[in-house]
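What the coordinates show
Listed below are the residues making up each chain.
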Amino acid sequence: MDDAREDLLEHEDTDISEKPFLPPYNVPFRSTRLNIQRSNVCSRAYFVVVMVFFHVYILNVIALLMYVHYNNGPGDLVNGDGASSAPVISTDSRLPQPAPSGRELHVEDYSQSFSLHRMEGIRVGHVQHVSIVPDRTHEMKTLSLKPLLFEIPGFLSEEECRVVVQLAQLKGLMDSKAATPSQEQAELNQPLLSLSTEEVFSLLDLNQDGFLQKQEIVSHSRSRDGTWLSPDNLRQILSGLEASPTEILTIGEFRRVYDVSQRPRQQRSGSLHSHFKRRSRHTWLFQGPGSHHVLQTLRKRIIALTRLPSALIELSEPLQVSRYEHGDFTNAHYDSSSSQSETTCAHTRLAGNTSALTEVSCRYLTVLFYLSSVEDGGESTFPVADNRTYDEQALVQDGVDLTDTQQACGKGNLRMTPTAGTALLWYNHLSDGRGWMGELDEYSLHGDCPVKRGVKWVADSWVNVDPDHQQQARYQRLVAQRHKAKSGMDDHYQSFSHSDLHLDL
């Protein structure tokens, strides 16, 4: 009996001790499980909303980047690494043409915060890699710091060199020397292109009316190589014209004035650079819209290499292609000119000083392409490259003028052998310290040694920049305006592209 009572009490104690734990354990477990399920449902919906907004935001960012990319004008400067920066002078890159075009030339407001890109030479022998064409880099080697001169092998392919040569042959080459080889010795101290007074008068008389006006004389000042009309000649001729009561010159009056204009050059025959001698054949190739695709590709590579605004390059001179045969040469000279008050740049003559006596070359830099290799001779020489100081009198050594490439080509400081496809780039001017073109670099004196064996083909591309940045901007604005209103222009201004400057010579 007692045992049964104790068993019953133990059973009740067990039930009492277990009952408080079972219900609280079971009920909260179900409630907690339901709460977790509700929380998961909310998290998924929130996640979906967040992801939708995130994708919309990414799509908006991509669309904005594409809009900015495709709305950058072609005038923007594209760096070698693909980065884009603002152009020096805001213009459209299309070169205006007389023929109607589906795209107009626009010039934005001129900005004073500009600069002309100038590559760093680092040191002589330094090699840097430049991106000129897609998926390829070129090695650019510093050959000189004075002037800043670079060499880029493989700039053109063999096929591209052949095409440019063929185009020059189809266009037709113009002799820069009329004399035969037997006359060379008799003309060592005379200009290589010898013209009579009557021939000079005929060349100046553009309308062939038998009279010379001031504008006719100034218009021919683009021939600045000294072979038939030098700046000193022009000053003397213009002085004689202005002294005339009628301000015109007949052939008789011109003969007297022209004879006087020849005397100062003869008196200075012993000074350096008194005669620029050149013997070769050359022509000019247009590179704008409608030209051969190789020529247009070449211009694009120059833009990529120099990192200059396309407007500057496309409004510069056309490509000059020259052929040097046995004995042909070019004496040491400068591609550009020093700025003077009485001169104006030939390429900005539309917006230039109309009262200026002469037009001069204003070439910021030169890019020279070797289109063929030469068996012997024909080197490009820089007689005073990297000299400690520049002294014109020091150009005469042991009685030999270093500018005379016929006699002293081997004595120059720097010579480059022509190799097909190789390009040379050098700056003709120093920087003005404010990002624009400064004084003429006197160390840029260069020439071509006589060809001894083989044929030498070269092409020169010049980038024209006016030392006066405001005048350069006015010129580009004027070009854009006249392109826009070309349908109502006079015949005299129908073709205002600088690419036509040399076609009339």
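This is a predicted model, so every value here is computed, not measured. (Residues numbered from 1 in each chain as written. Predicted model: local features only at pLDDT ≥ 70, side-chain atom pairs only at ≥ 80, totals over all residues. Heavy atoms only, no water.)

Moving on, we get to the overall build of the chain. In terms of regular secondary structure, the chain is built from eleven helices and 24 strands. Across the 505 residues of the chain, 46% fall into the buried class. Carbon and sulfur atoms form 53% of the exposed surface of the chain, whose accessible area is close to 26600 Å². (Helix = DSSP H or I, 4+ residues; strand = E, 2+ residues; numbered from the N terminus. Buried < 20%, exposed > 50% of the residue type's maximum accessible area, 1.4 Å probe, protein only. Areas by Shrake-Rupley, 256 points an atom, 1.4 Å probe, with all protein chains shown as cover.)

Moving on: the sheet that holds strand β7 (residues 278-279). Read across the open sheet, the five strands follow the order β7-β10-β22-β15-β18; overall the sheet is antiparallel. What marks the edges here is a single partner per strand, and that holds for β7 and β18 (414-416). In this sheet, strand β10 (residues 329-333) lies alongside β7 in antiparallel orientation, the contact comprising two bridges. In the strand pairing of β10, Arg-279 is matched with Phe-329. (Pairing = 2+ DSSP bridges.)

Within a sheet, neighbouring strands are paired by backbone hydrogen bonds and run either parallel or antiparallel to one another. Spatially, nine strands are ordered β3-β4-β5-β19-β13-β24-β9-β8-β6 in an open sheet, and the strand pairing comes out antiparallel. Across the chains shown, the open sheet's two edge strands, defined by having one partner strand only, are β3 (127-133) and β6 (174-175). Sheet topology note: the strand β9 (residues 319-324)/strand β24 (residues 456-464) ladder contains five bridges and is antiparallel. When the sheet's bridge partners are listed, Tyr-324 is paired in β24 with Lys-456. Across the face of the sheet, helix α8 (residues 293-306) comes into contact with β3, β4 (136-145), β5 (148-152), β8 (281-285), β9, β13 (363-370), β19 (423-427) and β24 while running at roughly 140° to β3. (Contact = heavy atoms within 4.5 Å. Axes fitted to C-alpha atoms, helices over the stretch in contact; angles between N-to-C directions.)

Another aspect to go through is the state of the cysteines. Summed over all chains, the structure comprises two disulfides. The residue that forms a disulfide with Cys-345 is Cys-362, at a sulfur-sulfur distance of 1.9 Å. With the S-S bond torsion at -85°, the cross-link from Cys-345 to Cys-362 turns out left-handed. Taken together, the residues Cys-345 in strand β11 (residues 343-345) and Cys-362 in the loop between β12 (358-360) and β13 connect sequence positions 17 residues apart. Across this residue pair, the class does not change: Cys-345 and Cys-362 are buried. Across a sulfur-sulfur distance of 1.4 Å, Cys-409 and Cys-449 are joined as a disulfide pair. (Disulfide = S-S within 2.5 Å.)

Let's shift gears to the pattern of salt bridges. Enumeration over the complete set of coordinates arrives at ten salt bridges. Close ionic contact of Arg-281 with Asp-175 constitutes a salt bridge, the shortest N to O distance being 2.8 Å. Residue Arg-281 is found in strand β8, and its partner Asp-175 is found in strand β6; the two are separated by 106 residues along the sequence. Given a relative accessible area of 46%, Asp-175 falls into the partly exposed group. Measuring nitrogen to oxygen at the nearest pair gives 2.8 Å for the salt bridge that ties Glu-325 to Arg-323. (Salt bridge = Lys/Arg side-chain N within 4 Å of Asp/Glu carboxyl O.)

As a further point, take the nonpolar core. The nonpolar side chains of soluble globular proteins are, as a tendency, buried together. Core analysis: the biggest nonpolar cluster contains 44 residues, and Phe-155, Leu-319, Val-321, Phe-369 and Leu-371 have the highest contact counts within it. Excluding residues within four positions of it along the chain, Leu-371 makes contact with Leu-156, Cys-161, Val-164, Val-165, Val-321, Ala-420, Trp-457, Val-458 and Ala-459. One finds Leu-149, Val-374, Leu-414 and Val-451 within the second-largest nonpolar core, a separate group that totals 14 residues. (Core = buried A, V, L, I, M, F, W, Y, C linked by side-chain atoms within 4.5 Å.)

A word on the packing of aromatic side chains. Aromatic rings considered in pairs are described by the distance between their centres and by the relative angle of their planes. Summed over the entire model, instances satisfying the criterion amount to six aromatic pairs. Look at Phe-155 and Phe-369: their rings are 5.4 Å apart centre to centre, the planes differ by 35°, and that puts the pair in the tilted class. With a gap of 214 residues between them, Phe-155 in the loop between β5 and α3 (158-171) and Phe-369 in strand β13 connect regions that are remote in the sequence. Phe-369 gets classed as buried once you look at its relative accessible area, which sits at 0%. Ring geometry for Trp-284 and Trp-462: centres 6.2 Å apart, planes at 50°, overall tilted. Note that Trp-284 is positioned in strand β8 and Trp-462 in strand β24, a separation of 178 residues in sequence. Taking the relative accessible area as the measure of exposure, Trp-284 reaches 9% and is therefore buried. By relative accessible area, which is 5% here, Trp-462 ends up buried. In this structure, Arg-118 is placed above the aromatic ring of Tyr-427, and the distance from its NZ or CZ to the ring centre is 4.6 Å. (Phe/Tyr/Trp six-rings, centres within 6.5 Å; stacked < 30°, edge-to-face > 60°. Lys NZ or Arg CZ within 6 Å of the ring centre and 35° of its normal.)

This next bit is on the pairing of β5. A large share of β5 lies buried, amounting to four of its five residues. As paired elements, β4 and β5 share four bridges and run antiparallel to each other. If you follow Leu-145 over to β5, its bridge partner there is Leu-148. Linking β4 back to β5 in an antiparallel pair, the connection comprises two residues. Across four bridges, β5 lies against β19 in antiparallel orientation. Residue Glu-151 lies in a different strand from β19, and its bridge partner there is Leu-424.

Working note: non-glycine residues mostly have negative phi, and peptide bonds are mostly trans. With an omega dihedral of 5°, the bond running from Lys-146 to Pro-147 counts as a cis peptide bond. If you check the backbone angles, Ile-122 has positive phi at about 65° while not being a glycine. Here the phi dihedral of Asp-386 falls at roughly 60°; this positive angle occurs in a residue that is not glycine. Tracing the sequence through the fold places Asp-386 in the loop between β15 (380-382) and β16 (396-397).

Relative to the helices and strands, Thr-197 is located in helix α4 (residues 197-204). Given a relative accessible area of 15%, Thr-197 falls into the buried group. Those residues in contact with Thr-197, other than ones at most four positions away along the chain, are Phe-254, Arg-255, Tyr-258 and Asp-259.

One can describe the packing of α3 onto α8 by two numbers: an axis separation of 10 Å at closest approach and a directional angle of 120°. In terms of their interaxial angle, α3 and α8 are classed as oblique. Considering only the axes of α3 and α8, their crossing is left-handed. Contact with α3, carried on its side by Glu-160, Val-163, Val-164 and Leu-167, involves Val-294, Leu-295 and Arg-301 of α8 and no other residues of that element. (Parallel < 35°, antiparallel > 145°, perpendicular 65-115°, else oblique. Left-handed = near helix turned anticlockwise from the far one by under 90°.)

Spatial relationships are all this shows, so hold off on functional conclusions.
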